[in-house]
Amino acid sequence: MLTVQQALHQGTQLLEQGAIAAPRLTAEVLLCHALRKERPFLYAHGDEPLTELAWIHYGRYLHQRLKGRPTQYITKNQEFYGRPFRVTPDVLIPRPETEHVIEAALERTRGGRGRTLDIGTGSGAIAVTWQLETGACTAAIDISARAIAVARSNALDLGAQVSFAVCDLASALAPRSFEIVLSNPPYIPEPEGPHLQREVRDFEPHLALFGGPTGVEIYVRLIEDAARVLRPGGLLVMEIGYQARDRVLALLDARSWGESDVVSDLAGWPRVIAARRR
């Protein structure tokens with residue numbers, strides 16, 4: 001029977017041979033998931049034998065990862081803003097870059113005061129985080145009923161008071177009913193699909209990835225819907241693709257929005273645009 005450390009070593013080797021990124025860390029995460037333990041256990045109990053059941057689970061997880069399945073879909077978990085969120089193939093895996101949406105909105109509001117709408121909520125990461133950080137009255141919508149089910153589960157697990165609805169952008173919501181709109185819309189240009197990492201291309205929901213032929217088409221509708229549901233002076237904060245800054249700013253200028261500014265991520269890429277409704 002293999003020990004915990006031997007299993008970790010073998011898993012790391014398999015992932016290295018399969019050209020999986022961060023093989024050691026991935027093996028640790030998958031082994032912890034199989035054992036239902038935290039990472040310190042691997043080193044405090046490295047000489048303990050791995051149970052047959054844990055070995056079966058670990059082997060299955062390694063096989064899935066070698067086939068390209070993202071680690072987060074195997075463990076059904078991804079951290080966002082310091083909190084654990086449940087993720088399934090029905091929702092996009094939350095990225096650290098999306099935390100800039102929260103930070104940009106917090107910097108531009110008085111502690112997040114105001115009725116807030118998250119458009120295209122997916123896992124609920126933005127809406128749940130915003131409500132827990134600010135206590136604001138928060139609603140979240142998504143065109144996918146399955147995504148809404150995941151988001152609602154995350155809100156329940158984390159104790160967030162968020163209202164959810166299935167809706168195509170904000171088409172069904174009343175005019176001038178919010179002070180803040182947050183969104184991480186699908187913005188990858190469709191022609192880039194074949195060039196994405198297989199973990200993204202083959203496993204994450206295309207509905208949450210692709211924003212049209214240029215990736216900007218979704219912003220035309222998003223900006224129009226936000227203008228309708230925001231009250232005068234309301235704030236719109238959107239994540240954008242790395243090449244979309246100038247085109248999205250032009251859309252805002254053409255629709256007579258007020259001041260708008262761009263927030264870059266830690267790598268220096270334009271990541272978020274914030275704008276005020278006149």
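Predicted model only: the values in this text are computed from it and were never measured.

Draft legend 1. Looking closely at helix α4 (residues 52-66). For α4, spanning 15 residues, the distance from its first C-alpha to its last is 21 Å, which sits close to the expected 21 Å at 1.5 Å a residue. The complete set of buried residues in α4 reads A54, Y58, Y61, L62 and R65. Burial along α4 is one-sided: seen end-on, the buried residues are contained in an arc of 100°. Seen from the open side of α4, the exposed residues pointing more than 90 degrees away from its buried face are E52 and L53. At the C-terminal side of α4, G68 shows a positive phi close to 105°.

Draft legend 2. Looking closely at unusual backbone geometry. One non-glycine residue, R36, adopts positive backbone phi at about 60°. Along the chain, R36 falls in the loop between α2 (23-35) and α3 (40-44). On the accessibility criterion, R36 (55% relative accessible area) is exposed.

Draft legend 3. Inspection of the pattern of salt bridges at higher detail. Tallied over the full model, the rule gives 15 salt bridges. For E28, the salt bridge identified is with R24, shortest N-O distance 3.5 Å. Of this pair, E28 and R24 both sit in helix α2, 4 residues apart, roughly one helical turn. Across the pair D90 and R146 runs a salt bridge whose closest N-O atoms are separated by 3.9 Å. Of the two residues, D90 sits in the loop between β2 (83-85) and α6 (99-107) while R146 sits in helix α8 (residues 145-158), which places them 56 residues apart along the sequence. By relative accessible area, which is 32% here, D90 ends up partly exposed. A relative accessible area of 61% means that R146 is categorised as exposed. Beyond isolated ion pairs, a larger network of salt bridges with shared partners links R24, E28 and R39.

Draft legend 4. Highlighting the side chain of N184. Positionally, N184 belongs in the loop between β6 (178-183) and α9 (198-201). The exposure class of N184 is buried, given its relative accessible area of 16%. With residues up to four places along the chain from it excluded, the contact list for N184 reads L92, T98, I119, G120, I126 and E239.

Draft legend 5. Just the pairing of strand β4 (residues 138-142), in detail. Taking burial as the measure, the 5 residues of β4 include 5 buried ones, the bulk of the element. Of the two faces of β4, the one holding T138, A140 and D142 and the one holding A139 and I141 are both buried throughout. Summarising the sheet, strand β3 (residues 116-119) and β4 pair through 4 bridges and their orientation is parallel. Residue pairing across strands places T116 opposite T138, the latter belonging to β4. Taken together, β3, helix α7 (residues 125-134) and β4 constitute a β-α-β crossover, and its handedness is right-handed. Two strands pair when backbone bridges link them, and β4 and strand β5 (residues 162-166) are joined in this way by 5 bridges, in the parallel orientation. Bridging across to β5, A140 finds its partner in F164. Tracing the backbone out of β4, into α8 and back to the parallel element β5 gives a crossover that is right-handed.

Draft legend 6. Spotlight on the nonpolar core. Judged by nonpolar contacts, the single largest core of 35 residues is most densely connected at L117, Y219, I223, L236, M238, V248 and L252. Listed by contribution, the elements that provide at least two residues to this core are β3, β4, β6, α10 (217-229), β7 (230-239), α11 (245-254) and β9 (270-276). For this core, the element with the highest residue contribution is α10, accounting for 6 residues. Once you skip the residues sitting within four places of it in the chain, L236 turns out to touch V181, I223, A226, L230, L252, W257, I273, A274 and A275. Counting residues in hydrophobic clusters, the runner-up holds 26 residues, among them A160, V162, L182 and L235.

Draft legend 7. Structural context of the packing of aromatic side chains. Counting across every chain of the model gives 4 aromatic pairs. Here the aromatic rings of F80 and Y81 are separated by 6.5 Å at their centres, their planes lie at 40°, and the arrangement is tilted. In textbook terms, an aromatic cluster arises when at least three aromatic residues are bridged by ring pairs, as seen for F80, Y81 and F85.

Draft legend 8. View of the pairing of β3. Residues T116 and D118 of β3 are buried on one face, and the alternating residues L117 and I119, pointing to the opposite face, are buried as well. As paired strands, β3 and β6 are joined by 4 bridges and run parallel to one another. Across the sheet, L117 pairs through a bridge with V181, a residue of β6.

Draft legend 9. Representation of a positive patch on the surface within the structure. On the surface, a cluster of positive charge is made up of R36, R60, K76 and R86. Residue position: R60 is located in helix α4.

Procedures and definitions
- Residue indices follow the written sequence of each chain, beginning from 1 at its first position.
- In view of the model being predicted, local features appear only for residues whose pLDDT reaches at least 70, and side-chain atom pairs are presented and counted only at 80 or more, with totals across whole chains, interfaces and linings using the full set of residues.
- Only hydrogens and water are set aside; all other atoms, that is, all heavy atoms of the structure, feed into the side-chain values.
- Think of it this way: any DSSP run of H or I at least four residues long counts as a helix, any run of E at least two long counts as a strand, and we number them from the N terminus.
- Under the convention used throughout, the expected extent of a helix is 1.5 Å for every residue step, that is, one less than its residue count.
- Under the scheme applied here, a residue whose accessible area is under 20% of the maximum for its type counts as buried, over 50% as exposed, and between as partly exposed, the area being computed with a 1.4 Å probe on protein chains only.
- This arc corresponds to the set of directions leading from the helix axis out to the C-beta atoms.
- For this document, the term salt bridge refers to a Lys or Arg side-chain nitrogen within 4 Å of an Asp or Glu carboxyl oxygen.
- The criterion used for residue contact is that any of the two residues' heavy atoms lie within 4.5 Å.
- Two strands are counted as paired when DSSP detects at least two bridges linking them.
- Crossovers are marked right-handed if the path from the first strand over the helix to the second runs clockwise, as seen with the strands pointing away from the viewer.
- Take the buried Ala, Val, Leu, Ile, Met, Phe, Trp, Tyr and Cys residues and link them wherever side-chain atoms come within 4.5 Å; each set so joined is a nonpolar core.
- Two aromatic rings from Phe, Tyr or Trp, using only the six-membered ring of Trp, form a pair when their centres are within 6.5 Å; if the ring planes differ by under 30 degrees the pair is stacked, by over 60 it is edge-to-face, and anything between is tilted.
- To count toward a patch, a residue needs a relative accessible area over 30% and no salt bridge; like charges are then connected within 9 Å, while nonpolar side chains (Val, Leu, Ile, Met, Phe, Trp, Tyr) are connected within 5 Å.
- Only the protein chains shown count as cover for residues, with accessible areas throughout obtained via the Shrake-Rupley method and a probe of 1.4 Å.
- Think of it this way: Lys and Arg go in the positive column, Asp and Glu in the negative one, and His and the chain ends go nowhere.
- Taken as the charge location is NZ of Lys, CZ of Arg, CG of Asp or CD of Glu.

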